[in-house]
Structure formats: structure tokens, C-alpha cells
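One-letter residues, chain by chain:
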Amino acid sequence: MIECDADYAQKLALEPIGIKSLKNEKNLMLYPFCSTSKSVRFKSIKYTSKDGLLSLEVTANNEYGMAKIWDFDILRFVFSKIDTIAKRTGHYPSYVVFSAYECLKFLKRNPNAGKNIKWLKEALDRLASTTYKGNVFKNDSKHVTGFTLINYEYIETSKGIEKIAISLDEKLLISLKSSNSLITISERLLEEPSGLKKRLLELVALKTSNQDTWIVPVDELQCLCANTWSIAKFKNEIKSFSDLPWAISEVKVDDQSNIRFVCK
């Protein structure tokens, strides 16, 4: 029986809980919210939908650089915890608190390794300082807002960081509460070392969730992946992927080069 108690939901948000599945938010899966490069990115991402109605501009912090797709694993952990709480209580907590150990273990990273504690701190800085401007949450071409996705705080000790608290931007929290916004994703994504494959594991999975095939212009796919290579290099790299859940091929549509993904 669901306990419809907001106070109880927020109490659970402060404790370790048994997370049932890995989740992400639909808009973060659809649009290029982060860098897919392992190197530090400072160049902005500027995305506009083909019909010109939706836009998203991602701006990196001069000190920390832009949030990376691996940093978004922290958000996936937060969403997964929030979703588990919501299913138990009927309420979505506005923030969650967790230990570095809890987060890193869930993300399949060694929680006792100093390099992973260092990554966690740096990732939080990038997540909190990368700024966004656009209308993808409002889905209204005239309603443009500027925002960051999270705020955070933690207690730092000689052993690392503890009691990490993450609160979500109001637009993101509202989106989580809407129907079908939190999407279950494959845990393989957590262990994928390629930023481009990691991006495809969410984007293409979402696009093929209601159909077996997705055909997309190469230039549009490159924009959705926030990729900065030449078109030729990007296309050849995508076509070379043989270990993803889709058969990938190039097709011509109206003399335009497209990539076709077909569920295996």
C-alpha cells in the first residue's frame, strides 16, 4: 500500500534505500545537455530543432568546464532514488541526501578508490556550474529560461566527502512529476567507456521504444550527440559500432545521408 505522505518521502530521501532500476529524465535523454568528450569542453553547445521551435544552449564554466555524460550518472542515481521513493509514497522529494559510498557503489565505481572520490567532487562542480538557456522543458518557442540543473552541498572530511545533498531545478522537478518522464534505462550504460556509445544507449533506446526503426539525418544525430568531429568521421564511427542493441546502417533519403537504427 502506498503511503501518501510527503514528510515520509522526504525522510526516505535522507536514507540509503533499495533502488529498483536505473532511471533518467526524458528531456535529458532527448536533447544534448552535456559533453560526450572525455577531454574538458569549454565550447558551448547550441541546439535548435529542425522546425526551429525548440532550442537549448549549454554553456561551460570557465573554471570547471562543461558537465560530461559520465557526470550525468550522478543525476541518473538521483532520479533512480527519487523514482523508488515516489513509487513507495506517491511523492517526489525535492532533494536527496546520500554518501559518496552509496552513490559510487550504485554507479559500479569502486567507492574506496581515491580517484573516484576526486571524480565525484569534480563532477558535482561541473553539474552545478554548467548553465542552460532554452525552452525544451516548457515546449513553448516564446518561453526561454536560463537555469542550472542542480545545487549541491556536502561535508568534507579527511576521508573524503559525506552527506552529499542534491536539490533539483524546479523545472526538472516538475518534469519528473509528469507522466512518463522518468525512463528506465540499461545498466550497461554505467560501464560504457565511450561517451558517444553512452549517449546512443539512451537516445536511440528512447527513439525506438515505440517502434523498431529510427532513421535520422547524420547532421541532426551529430547535433543531438554534441559531437564536434567532421561529419565523415562521425558517420563512419557510428557505422562501426557493432556491439550496440541495433543494426546500424547508412541510408539515403531525398539525397540526404541518414543513419538507420533497427532493433536487433
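Here goes a summary of the coordinates provided. Only a predicted model underlies this, so the values are computations on that prediction, with no experimental measurement involved.

Comments concerning helix α6 (residues 170-177)
(1) Moving on: All of the buried residues in α6 are Lys171, Leu172, Leu173, Ser175 and Leu176.
(2) Moving on: Buried residues in α6 make contact with β1 (23-25), α2 (26-30), α3 (72-89), β6 (145-147), β8 (160-168) and β9 (182-184).

Quick look at the pattern of salt bridges
(1) Moving on: Under the definition given, this model contains 18 salt bridges.
(2) Moving on: Aspartate 83 serves as the salt-bridge partner of lysine 87, at 3.0 Å between the closest nitrogen and oxygen. Within this pair, lysine 87 and its partner aspartate 83 are both found in helix α3, separated by 4 residues, close to a single helical turn.
(3) Moving on: A relative accessible area of 55% means that lysine 87 is categorised as exposed.
(4) Moving on: Glutamate 250 is the partner of lysine 239 in a salt bridge, and the nearest nitrogen-oxygen pair spans 3.0 Å. Of this pair, lysine 239 sits in helix α10 (residues 231-240) while glutamate 250 sits in strand β11 (residues 246-253), and the two are 11 residues apart along the sequence.

Some words on the state of the cysteines
(1) Moving on: The tally for this structure, following the rule as stated, stands at 0 disulfides.
(2) Moving on: Of all cysteine sulfurs in the structure, the one in cysteine 225 sits closest to cysteine 223, which takes part in no disulfide; the separation is 9.5 Å.
(3) Moving on: Owing to a relative accessible area of 42%, cysteine 223 belongs among the partly exposed residues under this scheme.

A closer look at the packing of aromatic side chains
(1) Moving on: Considering all chains together, one arrives at 10 aromatic pairs under this definition.
(2) Moving on: Note on phenylalanine 77 and phenylalanine 98: the rings are 4.9 Å apart at their centroids and 80° apart in plane angle, and the pair reads as edge-to-face. Note that phenylalanine 77 is positioned in helix α3 and phenylalanine 98 in strand β4 (residues 95-98), a separation of 21 residues in sequence. Exposure class is identical for phenylalanine 77 and phenylalanine 98. Each is buried.
(3) Moving on: Seen from their ring centres, tyrosine 152 and tyrosine 154 are 5.6 Å apart, and the 15° between their planes marks the pair as stacked.
(4) Moving on: We classify tyrosine 152 as partly exposed; its relative accessible area is 27%.
(5) Moving on: With a relative accessible area of 24%, tyrosine 154 lands in the partly exposed category.
(6) Moving on: Above the face of the tryptophan 119 ring, arginine 109 is positioned so that its terminal group lies 3.7 Å from the ring centre.
(7) Moving on: Over the face of the ring belonging to tryptophan 229 we find lysine 233, whose NZ or CZ atom lies 4.6 Å from the ring centre.

Comments concerning the environment of alanine 232
(1) Moving on: As for its position among the elements, alanine 232 is in helix α10.
(2) Moving on: For alanine 232 and valine 218, which are 14 residues apart along the polypeptide, the C-alpha to C-alpha distance reads 9.4 Å.

Concerning the sheet that holds β4
(1) Moving on: Ordered in space as β4-β8-β7, the 3 strands form an open sheet in which the pairing is antiparallel. The sheet is open, and its two edges are formed by β4 and β7 (150-157), each paired on a single side. Within the sheet, the average angular offset between the axes of one strand and its neighbour, ignoring direction, is 15°.
(2) Moving on: Of the strands in this sheet, β7 and β8 are in contact with helix α5 (residues 114-129), which crosses β7 at around 150°.

Remarks on the sheet that holds β11
(1) Moving on: In space, the 3 strands of this open sheet follow the order β10-β12-β11, with antiparallel pairing throughout. Looking at strand neighbours, the two that pair on one side only are β10 (213-217) and β11, the edges of this open sheet. Going across the sheet, the axis of each strand differs from the next one's by a mean of 25°, ignoring polarity.
(2) Moving on: In this structure, β11 lies alongside strand β12 (residues 256-263), joined through 8 bridges in antiparallel fashion. If you follow serine 249 over to β12, its bridge partner there is arginine 260.
(3) Moving on: With respect to the sheet, helix α8 (residues 195-207) is in contact with β10, β11 and β12, its orientation differing from that of β11 by roughly 70°.
(4) Moving on: Strand contacts of α10: β11 and β12, with the helix running at about 20° to β12, the strand carrying the most contacts.

Some words on the environment of isoleucine 166
(1) Moving on: Mapping isoleucine 166 onto the fold places it in strand β8.
(2) Moving on: Placed 72 residues apart in sequence, isoleucine 166 and serine 94 show a C-alpha to C-alpha distance of 8.7 Å.
(3) Moving on: Setting aside chain neighbours within four positions, we find isoleucine 166 in contact with Ile74, Val78, Ser94, Tyr95, Val96, Phe98, Leu124, Ile150, Asn151 and Tyr152.

Re the nonpolar core
(1) Moving on: Within the largest apolar cluster, 82 residues are counted, with the highest numbers of intra-cluster contacts made by Phe33, Phe72, Leu149, Leu168, Leu221, Ile238 and Phe261.
(2) Moving on: Considering each element in turn, this core owes the most residues, 8 residues, to α3.
(3) Moving on: Apart from residues lying up to four places away in sequence, phenylalanine 72 is in contact with Leu28, Phe33, Cys34, Ala67, Leu127, Tyr132 and Leu149.

The rules behind these values
- Residues numbered from 1 in each chain as written.
- Predicted model: local features only at pLDDT ≥ 70, side-chain atom pairs only at ≥ 80, totals over all residues.
- Heavy atoms only, no water.
- Buried < 20%, exposed > 50% of the residue type's maximum accessible area, 1.4 Å probe, protein only.
- Helix = DSSP H or I, 4+ residues; strand = E, 2+ residues; numbered from the N terminus.
- Contact = heavy atoms within 4.5 Å.
- Salt bridge = Lys/Arg side-chain N within 4 Å of Asp/Glu carboxyl O.
- Disulfide = S-S within 2.5 Å.
- Phe/Tyr/Trp six-rings, centres within 6.5 Å; stacked < 30°, edge-to-face > 60°.
- Lys NZ or Arg CZ within 6 Å of the ring centre and 35° of its normal.
- Pairing = 2+ DSSP bridges.
- Axes fitted to C-alpha atoms, helices over the stretch in contact; angles between N-to-C directions.
- Core = buried A, V, L, I, M, F, W, Y, C linked by side-chain atoms within 4.5 Å.

Shape descriptors only; they carry no functional weight alone.
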